[in-house]
There are 2 protein chains.
Amino acid sequence: MQATCAAIDWGTTRFRIWTLDRRGAVVAERQSDRGMSTLKPADYEAVLENVMSEIGAAADLPAIICGMAGSAQGWKEAPYADLPALPGTIAGAAVRVPSDSRDIRILPGLAQRDPSCPDVMRGEETLILGVTLSGMNQGTICLPGTHSKWVRIVQGAVTEFHTTMTGELYALLSRQSTLSHMIKDADAVDCEHPCFIEGVRQAVARPHSVASALFSARAAPLLHLATGEDMAARLSGLLIGLELAGMLPQLNDKKTDEITLVSQGPLARLYDRALGLAGMNVRTLDSDDMVRAGLFSAAKTLWPL
Amino acid sequence: MQATCAAIDWGTTRFRIWTLDRRGAVVAERQSDRGMSTLKPADYEAVLENVMSEIGAAADLPAIICGMAGSAQGWKEAPYADLPALPGTIAGAAVRVPSDSRDIRILPGLAQRDPSCPDVMRGEETLILGVTLSGMNQGTICLPGTHSKWVRIVQGAVTEFHTTMTGELYALLSRQSTLSHMIKDADAVDCEHPCFIEGVRQAVARPHSVASALFSARAAPLLHLATGEDMAARLSGLLIGLELAGMLPQLNDKKTDEITLVSQGPLARLYDRALGLAGMNVRTLDSDDMVRAGLFSAAKTLWPL
């Protein structure tokens, strides 16, 4: 197999690269922690060229990039594209990075400029492109994470999206707040833990109760009424449940009750379980497969064979 | 005026002392940042004796203390007293600190051991004692802060209370999250700022929408739709509104629609405005006056003249 392009997901904390053949199959891949937060603008080219030579990529292999590398603090800014965003919108707004060797393009993020719910994404638009190309023409996508994105697709276009800071809130509360002394194994919550399930149910049914429920994660272990592992599960359930309570009424397509969950590993299991508890039917797609499909599609648009 | 006791509020970050005459009037006062978080158990006595000599207190003046100095990580643990807590409960559960010179007592916190809503307080119980002694026999008290406390009083006793982490969430989000780069003047929010008012109204009416509304504090300035000062006001309004949405249905005495707000300064103004927007009548008491009254009352119980 011969590589026809390099596809790169360059986020805040993580760098991933795949070289792809003419049908989009993986020729070689690497990942590292050389994300935007560790780099200055002048560092990007060397990081890319080093890994290219490591995986034996040709010196003129074109490279397509999505993610924070295209932010104002990244390698080169790729300004946000506006809604509604059709599949062609994203590749069409790619910017070219000056380089003596290869053709390097960075895909834009998306901006929702509605003053009543302004929002932005960068990186997820490429993954969503992969989802729509997989055949999804209509419905709601949930991309859980540090900043979860909920996306409405109408006739193959992104028409609306909303970010919730669930992953970041969980990290702040479990590691940097007064709760942190009590919480144990915050990264190992089991989706079948009764405290996770109870937390999701409470937050979905009574979202207004979450603000006062959080502190029980400190009080209950202090009074020997629960363990730190219990409280990690409860906190995770409350925050994911609050996300669902906010997003499902806003974005759920009542006709199908189906959510397309795009995720991986333990996080995918937590959201799958929580969405089921909220009465939804869940279809899960692998997030790596989707971002690679989106990058490959943009590459084919930019560099027709 | 001659001092009959020293009254001390010894919290996590702040130390305050008043010497009081036989009627509870202030003879001398001091405050410093020598809170629990800066001290080891062996440090407390020297800190207290230094300030006692600074303000010319007699070597045998008794001292009554409330707050985190009585926690397991403080000077000497004063175990939590249980609910319902009558005014006599708190003084009755004071612990004595061994000292060669003066009589030093630390007041206990309160624990709510209900497994469905476990909660604890330490320091606020003394302030609440001051409020009930001021004549409040029935109703709801709101003590805003890092960890806001909402307290139900029935026949002069604390029967129920709930903590919300509003102040800590605001500090984490405005200073340590991805929102922090966008937010300006987080400590100077004006209670008449339209974004504060709109945030309170949104959260009270639609608490489930808060999780996704938080991220607009990043997206709106990024898209030049709002300023960092606007977003500080909005974030403050959303979080205080979420606190009210959770607490008012749970604790509000429908017969009066009155909340006793115990606070001071800018925070008192924000909560007074927010409670008014939520349709409540607010009576405000000064938190320093109340904690001093509670300490003096406990002193009179322990050391009858």
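Everything numeric in this text was worked out from a predicted model, so none of it was measured.

### What to know about the relation of the copies chain A and chain B
Here comes step 1: Relative to chain B, chain A is turned by 180° and slid 0.0 Å along the rotation axis, the superposed coordinates differing by an RMSD of 0.0 Å. The relationship between the two copies is best expressed as a two-fold rotation axis.
Here comes step 2: Here 100% of the contact residues of chain A are again contact residues in chain B; the copies associate through an equivalent surface.

### Some words on the pairing of strand β13 (residues 258-263) of chain B
Residue and element names in this part refer to chain B.
Here comes step 1: Here β13 lies mainly inside the structure; five of its six residues are buried.
Here comes step 2: The pairing of strand β10 (residues 139-143) with β13 spans three bridges and is classified as parallel. When the sheet's bridge partners are listed, C142 is paired in β13 with L261.
Here comes step 3: Note: β13 against strand β14 (residues 281-286), six bridges, orientation parallel. Paired with E258 across the two strands is N281, which belongs to β14.
Here comes step 4: Crossover β13 to β14 through helix α9 (residues 265-277) is right-handed.

### Details of the side chain of S263 of chain B
Residue and element names in this part refer to chain B.
Here comes step 1: Here S263 is to be found in strand β13.
Here comes step 2: Judged by relative accessible area, which is 7%, S263 ranks as buried.
Here comes step 3: Looking at S263, its side chain comes within polar contact range of the main-chain nitrogen of A268, at 3.4 Å.
Here comes step 4: When residues no more than four places from it in sequence are discounted, the contact partners of S263 are P144, A268, L285, D286 and S287.

### Section: helix α10 (residues 287-302) of chain A
Here comes step 1: Over its 16 residues, α10 of chain A runs 23 Å from end to end, which matches the ideal 22 Å to within 8%, given 1.5 Å per residue.
Here comes step 2: The opening residue of α10 of chain A, the one whose side-chain oxygen lies 2.9 Å from the backbone nitrogen of D288 of chain A, is D286 of chain A.

### Comments concerning the sheet that holds strand β2 (residues 15-20) of chain A
Residue and element names in this part refer to chain A.
Here comes step 1: The strand order across the open sheet built from six strands is β3-β2-β1-β4-β7-β6, with neighbouring strands paired in mixed fashion. The two strands at the open ends of the sheet, each matched to only one other strand, are β3 (26-32) and β6 (95-97). Neighbour-to-neighbour, the strand axes of this sheet turn through a mean angle of 20°, independent of strand direction.
Here comes step 2: Across the face of the sheet, α10 comes into contact with β1 (5-10), β2, β3, β4 (63-66) and β7 (104-106) while running at roughly 55° to β2.

### Observations concerning the environment of G88 of chain B
Here comes step 1: Within the fold, G88 of chain B resides in helix α2 (residues 87-92).
Here comes step 2: Counting along the chain gives 210 residues from G88 of chain B to A298 of chain B, while the straight-line C-alpha distance between them is 8.1 Å.

### Considerations on the nonpolar core
Here comes step 1: Judged by nonpolar contacts, the single largest core of 95 residues is most densely connected at F196 of chain A together with F196 of chain B.
Here comes step 2: For F196 of chain B, the residues in contact, after removing those within four places along its chain, are V189, D190, C191, A233, R234, S236, G237, I240, L270, R273 and A274 of chain B.
Here comes step 3: Ranked by size, the runner-up nonpolar core spans 34 residues in total, among them L107, I128, V291 and W303 of chain B.

### Some words on the sheet that holds strand β5 (residues 81-82) of chain B
Sheet strands pair via backbone hydrogen bonds, and the direction of the pair is either parallel or antiparallel.
Residue and element names in this part refer to chain B.
Here comes step 1: Strands sit in the order β5-β8-β9 across an open sheet of three strands; the sheet is mixed. Looking along the sheet, the strands with just one partner apiece sit at the ends: β5 and β9 (119-121).
Here comes step 2: As paired strands, β5 and strand β8 (residues 110-112) are joined by two bridges and run parallel to one another. Pairing of A81 across the sheet is with L110, part of β8.

### Digging into the state of the cysteines
Here comes step 1: Counted by the stated rule, this structure contains zero disulfides over all chains.
Here comes step 2: Cysteine C195 of chain A shares no disulfide, and the gap to the nearest cysteine sulfur, in C191 of chain A, comes to 14 Å.
Here comes step 3: The closest cysteine sulfur to the non-disulfide-bonded C117 of chain B is located on C195 of chain A, 15 Å from its own sulfur.
Here comes step 4: Note on C117 of chain B: relative accessible area 22%, which makes it partly exposed.

### Let's talk about the packing of helix α8 (residues 228-251) of chain B against α9 of chain B
Residues and elements named next belong to chain B.
Here comes step 1: One way to put it is that α8 packs onto α9 with a least axis distance of 10 Å and a crossing angle of 55°. Judged on the interaxial angle alone, α9 and α8 are oblique. For the element pair α8 and α9, the recorded crossing hand is right-handed. Contacts between α8 and α9 involve S236, I240, E243, L244 and L248 from the former and L270, Y271, A274 and L275 from the latter.

### Concerning the packing of aromatic side chains
Here comes step 1: By the definition in use, this model includes eight aromatic pairs over all chains.
Here comes step 2: Between the aromatic rings of W10 of chain A and W75 of chain A, the centroid separation amounts to 6.0 Å while the plane-to-plane angle is 65°, which identifies the pairing as edge-to-face. Pair noted here: W10 of chain A is in strand β1 and W75 of chain A is in the loop between β4 and β5 (81-82), with a separation of 65 residues, a long-range link. Of the two residues examined, W10 of chain A and W75 of chain A, each falls in the buried class.
Here comes step 3: On the basis of an interplanar angle of 75° and a centroid distance of 4.6 Å, the ring pair of W10 of chain B and F15 of chain B is categorised as edge-to-face.
Here comes step 4: Relative accessible area serves as the criterion here: at 0%, W10 of chain B is assigned to the buried category.
Here comes step 5: In this structure F15 of chain B comes out as buried when scored by relative accessible area, which is 2%.
Here comes step 6: What links up through ring pairs into an aromatic cluster is the set W10, F15, Y44 and W75 of chain A.
Here comes step 7: In this arrangement the basic side chain of R122 of chain B is found over the ring face of Y80 of chain B, its NZ or CZ atom lying 4.5 Å from the centre.
Here comes step 8: One Lys or Arg, R292 of chain B, reaches over the ring of W18 of chain B and ends 5.5 Å from the middle of that ring.

Thresholds applied
- Residues numbered from 1 in each chain as written.
- Chains lettered and ligands numbered in written order.
- Predicted model: local features only at pLDDT ≥ 70, side-chain atom pairs only at ≥ 80, totals over all residues.
- Heavy atoms only, no water.
- Least-squares fit on C-alpha atoms with pLDDT ≥ 70 in both.
- Contact = heavy atoms within 4.5 Å.
- Buried < 20%, exposed > 50% of the residue type's maximum accessible area, 1.4 Å probe, protein only.
- Helix = DSSP H or I, 4+ residues; strand = E, 2+ residues; numbered from the N terminus.
- Pairing = 2+ DSSP bridges.
- Right-handed = clockwise from strand over helix to strand, strands pointing away.
- Polar contact = N/O pair within 3.5 Å; in protein donor to acceptor, adjacent residues only side chain to side chain.
- Expected span 1.5 Å × (residues − 1).
- Axes fitted to C-alpha atoms, helices over the stretch in contact; angles between N-to-C directions.
- Core = buried A, V, L, I, M, F, W, Y, C linked by side-chain atoms within 4.5 Å.
- Disulfide = S-S within 2.5 Å.
- Parallel < 35°, antiparallel > 145°, perpendicular 65-115°, else oblique.
- Left-handed = near helix turned anticlockwise from the far one by under 90°.
- Phe/Tyr/Trp six-rings, centres within 6.5 Å; stacked < 30°, edge-to-face > 60°.
- Lys NZ or Arg CZ within 6 Å of the ring centre and 35° of its normal.

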